[in-house]
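# Tertiary structure, described
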Amino acid sequence: MDNNQQTLSTACNEYGNRLTANKYDAISYTIFTLLLITLLLSGCGSGNSEAPGKSTDADNKVDNELLSDRDSSLLGGGGKRHAQPVTVDYPETGVDIGWGWDSEQGTPRPSVCIEFSVDEDQGQTKYMTISEVSDSYELMKSMKVSAAASVKTAIYSASGSAEFASNSKVSGFSSNFLLTASVDNGVRYATPMATNSKAKVRDPDKAKDFPDTGEIRLTPEALRLAKQRSLDAFFNRCGDSFVAALYGGARLHSVITVEARSRQDQQSTSAHFTGSGWGANVKASASGKSDAKVNSNKMSMRFFQTGGRKDKIPATKEDLVAKLDTLTTEAGDYPTYYRVSLMPYTALANWPDKPIELATKELDQLAAYFGSYNSLYQDMEYLLEHHDEFQALNPTNNTFEALGTSHIESLRLIQDQVHHTLSRLRDDAIACSDPEQECHFDETRYLPPYAYRIQLPLPAPAIANCSCTAPCKCPVTIVPGDSDKNREAITDYHVRGPAKNRCKISPLNDGCLSNAQIEHWSQRIGKKLLLLPDEKTAVAFEKLRQSQQDNDWLKIMTNPPHAWVEASKFSQDDKRASLDILRDLLNPQPPEPAEGRDAVPQG
């Protein structure tokens, strides 16, 4: 971030704090709105990762802008933000009302830095939801696993719901649903101290007594630490938030996976399971009834429950149906805490006029990339094991064809690149899990997973009246195709489907792409992806590209350095390295003179 962007970002944060202190009165709100619009137009909070002026080619500028915009939408902005109220899993170490919490590490601080009372609501609150997920990040997000806990699953042995989510393999070649049923036995929460007009509250900094106004407030010692020039001492003792509420009872998670490889089957399954009739189908499938809309043999389930005692461990679909009927009783008889609500200290009335800046958004970006790449690697493992069930697009004649040796070699190369990316992400996770360092995750160092997904084949359609028997395999029907139609089929399966699943969580959720961004990836289908060694190489290739008149066959990006090349430029018989081929295409050498009378005279 340059100095202008930093100044604008600081102005946004400071004015937002003042606005909060003024209780959002009408005049302040109007002024803030006008100021915010002005700052946004001038770059407030800008997260453009592409340095302007790297390319003078108009088309390439548009591509770089789309890539930058796509990256920002995929995983959010790269800057820090103020702490927000959040809900996380109850830690295995235990925690109580009023304890501090370190959001960046996802761990409690065993100290109490606030003055408060405790109250508790009676009665049960019940809810049940079912949502579709397309990768492990979405699963953890839907299970309310914190960003810090999600990142730690990349380097440590997870526990609790994070372990369950990590071990639940979510495949892009099936339909995956998360069922969550929860029964809360009320909530235990922090409340303001009782108002007493005769009581006084001592401010150690000003050495003055103030009336007790009946508020949750910092203790005198915590207030002293918060007023120091640096908040490090305060964070080490109190964390950035405090435990505001504990939820107890019982909760059940179930990951339901249905075998549905084709996009049509996935859409049909999604419409059924997320509709009002899903429960009847689960019961019908569990009981083996023939009228079940989803075949029981194609459905598998995993369970995770918190709360309850001496009850049967869910192991089958029948157990799931029975468990939903008994969860309320189990929550009342043998409850346990499983959810924690955290409140930032900035919400307290006596908090000094200081922002708390956290890198939790960067943790979420890292978790999103790792989750998406982890699921991508698993999908490619399935592809290589079942390659005879898939078909690949031949960009030369715009037809789908059975996977041959060259296709399998390309898939193995892509999987190696994905594996290398996972190793780099793990290194970033280790750095971000170090309590002595700030988390800095630079998403511009990574290609979004869609860059690899658009190179994957599609499930082959079933062939009617196939009489082949093992080891004979029915061939994939090769029909001359329409390039736009075929590109749309790949886009719909590998880009639009996963992107819209993120949008179902929230239009602002990481990975929810706009229609323009989806089209951006569609235009890359059928092209060859080349990873460039560094930005210097990308700039050098771009200069060579601009020197040619016919250069639409090549697009070069600098962050991260890579290129998209028309596949027709590469011959399967050419065994040279891809970078050498690209270099020769951009800077062709004059042919060697032929021997004999037609040779060019030398000297």
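These numbers come from a predicted model, not from an experiment.

### Examining the sheet that holds strand β18 (residues 458-459)
- Spatial ordering of the open sheet is given by β17-β16-β18, a layout of 3 strands whose pairing is antiparallel. In this open sheet, the two edge strands, each paired with only one partner strand, are β17 (399-402) and β18.
- Pairing analysis gives 4 bridges linking strand β16 (residues 390-394) to β17, with the strands arranged antiparallel. Within the sheet, the bridge partner assigned to A392 lies in β17 and is E401.

### A short note on the state of the cysteines
- In total, this model carries 2 disulfides according to the counting rule given.
- Bridging C113 to C238, the disulfide has an S-S length of 2.0 Å. Of note, the bridge from C113 to C238 carries an S-S torsion of about -85 degrees and is left-handed in sense. Of this pair, C113 sits in the loop between β4 (107-112) and β5 (114-115) while C238 sits in helix α8 (residues 232-238), and the two are 125 residues apart along the sequence. A single burial state applies to C113 and to C238, both of which are buried.
- In this model, C503 is linked to C512 through a disulfide, with the two sulfur atoms separated by 1.9 Å. Where C503 bonds to C512 through sulfur, the torsion about that S-S bond is close to 100 degrees, and the disulfide is right-handed. Like C503, the residue C512 is buried in the burial classification.

### Some details on the layout of surface pockets
- Of the pockets and cavities examined, the second largest pocket occupies roughly 1,400 Å³.
- S406, S410, K528, A567 and Q572 are the residues nearest the centre of the second largest pocket, which is lined by 42 residues in total.
- Those elements that provide at least two residues to the lining of the second largest pocket are β16, β17, α13 (405-432), β19 (527-531) and α18 (578-586).
- Among the elements that line the lining of the second largest pocket, the one with the most residues is α13, at 8 residues.
- When grouped by side-chain class, the residues that make up the lining of the second largest pocket number 22 nonpolar, 13 polar and 7 charged.

### Observations regarding the sheet that holds strand β21 (residues 561-566)
- Taking strand neighbours across the sheet as the criterion, the 3 strands line up as β19-β21-β20 in an open arrangement whose pairing is antiparallel. Each end of this open sheet is capped by a strand with a single partner; those strands are β19 and β20 (554-558). Neighbouring strand axes in the sheet, compared pairwise and without regard to direction, differ in orientation by 15 degrees on average.
- As paired strands, β20 and β21 are joined by 5 bridges and run antiparallel to one another. Note that in β21 the partner of I556 across the bridge is A563.

### A word on the nonpolar core
- Membership of the largest hydrophobic core comes to 50 residues, with the highest contact counts inside it found for Y373, L425, Y452 and W521.
- Looking at this core, the elements with two or more residues in it are α5 (147-152), α12 (360-385), β16, α13, α14 (450-453), α15 (483-505) and α16 (515-522).
- Here the element with the most residues in this core is α12; it accounts for 11 residues.
- Ignoring any residue separated from it by four or fewer positions in sequence, one finds Y373 in contact with V418, T421, L422, L425, L447, P448, P449 and Y452.
- By size, the runner-up hydrophobic cluster in this structure holds 27 residues, among which are F234, C238, V340 and L342.

### With respect to the packing of aromatic side chains
- Inspection of the entire model under this criterion finds 18 aromatic pairs.
- When the centroid spacing of 6.1 Å and the interplanar angle of 40 degrees are considered together, the rings of Y369 and Y446 count as tilted. Placement of Y369 in helix α12 and of Y446 in the loop between α13 and α14 is noted, with a sequence separation of 77 residues between them. The same class applies to Y369 as to Y446, namely buried.
- A network of ring pairs unites the aromatic residues F234, F235, F242, Y345 and W351 as a single cluster.
- Over the aromatic face of Y247 sits the side chain of R339, whose NZ or CZ is 3.9 Å from the ring centroid.
- Sitting above the plane of the W553 ring, K569 keeps its charged end 4.9 Å from the centroid.

### Side note on α18
- Within α18 the residues assigned to the buried category are I581, L582 and L586. The arc that holds every buried residue of α18, seen down its axis, measures 130 degrees, which confines them to one face.

### As for unusual backbone geometry
- Residue P560 is reached from N559 by a cis peptide bond, and omega for that bond is -10 degrees.
- Turning to its location among the elements, P560 is positioned in the loop between β20 and β21.
- Phi at K144 is positive, roughly 65 degrees, even though this residue is not glycine.
- Mapping K144 onto the fold places it in the loop between α4 (136-142) and α5.

### Notes on the pairing of strand β3 (residues 99-102)
- Sheet topology note: the β3/β4 ladder contains 4 bridges and is antiparallel. Along β4, the bridge assignment pairs W99 with V112.
- Taken together, β3 and the strand that follows it, β4, pair antiparallel across an intervening segment of 4 residues, in which G106 is found at a positive phi of about 70 degrees.

### Points about the environment of R217
- Within the secondary structure layout, R217 lies in strand β11 (residues 217-218).
- Along the chain, R217 and W351 lie 134 residues apart, while their C-alpha atoms are 7.7 Å from each other.

Definitions and cut-offs
- Residues numbered from 1 in each chain as written.
- Predicted model: local features only at pLDDT ≥ 70, side-chain atom pairs only at ≥ 80, totals over all residues.
- Heavy atoms only, no water.
- Pairing = 2+ DSSP bridges.
- Helix = DSSP H or I, 4+ residues; strand = E, 2+ residues; numbered from the N terminus.
- Disulfide = S-S within 2.5 Å.
- Buried < 20%, exposed > 50% of the residue type's maximum accessible area, 1.4 Å probe, protein only.
- 1 Å grid on protein atoms, 1.4 Å probe; cavity = no way out; pocket = protein on both sides within 12 Å on 5 of 7 lines; lining within 4 Å.
- Points joined across faces, edges and corners; volume = space filled by probe spheres on them.
- Nonpolar A, V, L, I, M, F, W, Y, C, P; charged D, E, K, R; others polar.
- Axes fitted to C-alpha atoms, helices over the stretch in contact; angles between N-to-C directions.
- Core = buried A, V, L, I, M, F, W, Y, C linked by side-chain atoms within 4.5 Å.
- Contact = heavy atoms within 4.5 Å.
- Phe/Tyr/Trp six-rings, centres within 6.5 Å; stacked < 30°, edge-to-face > 60°.
- Lys NZ or Arg CZ within 6 Å of the ring centre and 35° of its normal.
- Arc of directions from axis to C-beta.

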